[in-house]
Each structure stands twice: as C-alpha cells, then as structure tokens.
Amino acid sequence: MRIRATVAAVSGALALSALAVPAAQAGDSATAQRADVAKIRQAAHAESGRAAAEEGKPYALNVTFSNFKIAKAIKVGTTNHVAATVTYTLTHGAEVNIAAADFITDPIVYRGSATAPDNMLYGNKPAKCTATSATTANCKGTIDVYPGSHELINSDAGTWRAAAEATAFNGQDPEGETFDITKVGYKSQSGLGTTLMQRFSKLTVNASPEPVKKGKTLTVTGKLSRANWDRGTYNGYVEQPVNLQFRKKNSSTYTTVKTIKTNSTGDLKTTLKATEDGYFRYTFAGTTTTPAATATGDFVDVQ
C-alpha cells in the first residue's frame, strides 16, 4: 500500500520518510529503485548536524527541468487506479549519463509547500527519457493515484504543485557494504507547474410522470454526488448550482430552462409544465475540487 505523507514525516524539500508504492509491486525492480531513491532524497534534504555529517549526502547533480506538462486536472474516484501522463525536458551536464541503468528521473506532484509537503505522489516506474542532444532529453512519466489505498483525503482536493527529481547512482548500491552516498548525484526542482486533484463527480436525472399530458406538471429529480476519499464512497455535493436543460425531440441542442441548487444531501428536485416531446438533463459546471458532470438526457413523451 502507498503511505500518505504527513508533515511529521517530512524533512526538507520534497523529502518523505515513507515510500509511495503499491503493495502489488513489492519486490520488483521498480519498487527497489523507489526505496533507494527515497533514501537518497532523505539524505539530500537532511538537516545539517553531526548525524548528517557522519552519514554524508549525495552531491548536487548537474541537471535542470523545464517544459513540464501535466493535465489541468486529475479526476479521481474511490477505487480505480488513475494514471496522468507527464512530459518534461531534462537538461544535464556532459558528465551525466542519463542512459545508465541506474539513472532515475521522476515527475512529482505535491500538496502544500515544497519545504513541507502534506502529500506527494509520483509514478509506479521512473520516467523514460529520449536524448534530443548531447545534453538534453525529452522525458515521459506518469503520476499514479490509488484512491482505494487511501492515498488521498478530502482536504487534498484542489491545487497540487509539480516537481521533478533525478538520481544518478553511478554504480553505487545503497544496500551494499561499500556504499558511498557522496558518489551518488541527486537533484530536485519544484515549482514546475500545477494541476487540480479533483473528487470525481456523478449526476443523475429523472423526469416523471412518463408519458405526461401536455400542460400537466412534470417533476424532475436527480442527484449530484462526488467521491469521498475519506470513506471510499460517493456522497451528495450540497448547495451547488445545477442547470436543468431541455432538448426538443428532433433537435441536437440543449437549452437551459432554470438553475437550482442541490439540497443538504445533494438531491435535486424541481417542477415545470410539460409542453412537447424531448429530453431533460441536469448539468453541473464544476469547481476547483470537483469536475463538471452532465446527466444522460431522460426522454419525456408529451401527449
């Protein structure tokens, strides 16, 4: 299981004491690399002092990151794994061998400040880089999210910041007896961009009675719900404006009839006069914490 980072578990910029990897991958090479990178990250950001001086630190790797691109929003439900693609440019010194088997680079997103992140996520595997010159490469990775493993809590919804890191082990084995951390290069760079981590939303609609006589009253109900990461369920999104729209039977265009708000349980209910055959639907514009949602149109036969 991935482990959520807490402020108490963080020491320095983007440093986590817990390794964020799924249990399903325990024991594979990617997980082993993650464990090693976590150790290097901690050492790189360790506070100065006797213990830090004795253990040593990795040297500053000569790399920088730019052109970081990630989706504007990552929509996460309650159970399904979500993978968001990330691309960026890595620029490095001629002495840095990015083709080495033990060179690793990752995109990262974090919640809170770079010096004390509340939470941090990255990919199951390191990014893959393709050299574009002797000192630049285009890299592609993922941000993998497992809501079923409690990686997120409701307060995590909203803006996350982006970063990237690179580690050059240079043949050093962190588990070996002769491991020398000072021969390992490491670099992290924050503030590369932002994305919204959103609680996936659902919207329903039902118009009744069906069929209905022209001029009679139609009641249109529905519900707006969103993922509750704390509980692993979907719960009503309260006091949110939602548009009721109508499309004539032979038309392809929906027109807003009225705007109403969800009640204290996320439910919707309104009435109107039946005039002609067509489809009713509710549509929600979305917020920073919750994506837009549109219900599938419900056809009403007016007689």
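What this report covers is the structure whose coordinates are included nearby. All residue numbers here refer to positions counted from 1 along the written sequence of the relevant chain. The model is predicted, so local features are restricted to residues of pLDDT at least 70 and side-chain atom pairs to those at 80 or more, both for listing and for counting; the totals for chains, interfaces and linings are taken over all residues. Values shown for side chains rest on all heavy atoms present in the structure; no hydrogens or waters enter the calculation.

### Regarding the overall build of the protein chain
Helix and strand counts for the protein chain come out as two helices and 19 strands. Contacts are assigned to residue pairs with any non-hydrogen atoms lying within 4.5 Å of each other. Across the protein chain, contacts joining residues at least 24 apart in sequence account for 67% of those joining residues at least 6 apart. When the accessible surface of the protein chain is summed, it comes to about 14500 Å², and 50% of that surface belongs to carbon and sulfur atoms. Comment: elements are numbered from the N terminus, with helices defined as DSSP H or I runs of at least four residues and strands as E runs of at least two. To measure how exposed things are, a 1.4 Å probe is used in the Shrake-Rupley method; for residues, cover is taken only from the protein chains shown.

### Remarks on the environment of Lys75
One can find Lys75 in strand β3 (residues 73–76). A C-alpha to C-alpha distance of 5.3 Å links Lys75 and Phe200, two positions 125 residues apart in sequence. Apart from residues lying up to four places away in sequence, Lys75 is in contact with Val82, Gln198, Phe200 and Pro291.

### Details of helix α1 (residues 29–44)
Along an α-helix, a turn takes 3.6 residues, which lines up residues three or four apart on a common side. When the terminal C-alpha atoms of α1 are compared, their 22 Å separation across 16 residues agrees well with the 22 Å that a helix rising 1.5 Å per residue should span. Regarding α1, the residues found buried are Ala30, Thr31, Arg34, Asp36, Val37, Ala38, Ile40, Arg41 and Ala43. Elements that come into contact with the buried residues of α1 comprise β5 (103–112), β6 (117–122), β9 (158–168) and β10 (185–199). Under the convention used throughout, the expected extent of a helix is 1.5 Å for every residue step, that is, one less than its residue count. Here's how the labels work: a residue is buried when its accessible area is under 20% of the maximum for its type, exposed when over 50%, partly exposed in between, all with a 1.4 Å probe on protein chains only.

### Focus: the pairing of β3
Burial along β3 is one-sided: Ile74 and Val76 are buried, and none of Ala73 and Lys75, which face the opposite way, are. Relative to β10, β3 is paired through four bridges, and the arrangement is parallel. In the sheet register, Ile74 faces β10, and the bridge partner there is Met197. By this definition, two strands are paired if DSSP reports at least two bridges between them.

### Description of the packing of aromatic side chains
Ring geometry is summarised as follows: Phe, Tyr and Trp rings, the Trp one being its six-membered ring, pair when their centres sit within 6.5 Å, and such pairs are stacked at plane angles under 30 degrees, edge-to-face over 60 and tilted between the two. Throughout the structure, instances matching the rule amount to five aromatic pairs. Plain terms: the ring middles of Tyr237 and Phe284 are 5.8 Å apart, the flat faces sit at 80 degrees to each other, and that makes the pair edge-to-face. Of this pair, Tyr237 sits in the loop between β13 (233–236) and β14 (241–248) while Phe284 sits in strand β17 (residues 278–284); the two residues are 47 residues apart in sequence, bridging distant segments of the chain. Judged by relative accessible area, Phe284 falls into the buried class, the value being 2%. Here the aromatic rings of Phe246 and Phe280 are separated by 4.7 Å at their centres, their planes lie at 45 degrees, and the arrangement is tilted. Separated by 34 residues along the polypeptide, Phe246 in strand β14 and Phe280 in strand β17 bring together distant segments of the chain. The residues Phe246 and Phe280 share a single accessibility class, namely buried. An aromatic cluster is built from Phe65, Phe68 and Tyr88, whose rings are joined through pairwise contacts. In our convention, an over-ring charge means Lys NZ or Arg CZ found within 6 Å of a ring centre and within 35 degrees of that ring's normal. For the cation-ring pair, Arg247 lies above Tyr279, with the distance from its terminal atom to the ring centre recorded as 4.2 Å. The ring of Tyr254 carries the charged tip of Arg281 above its face, separated from the ring centre by 3.7 Å.

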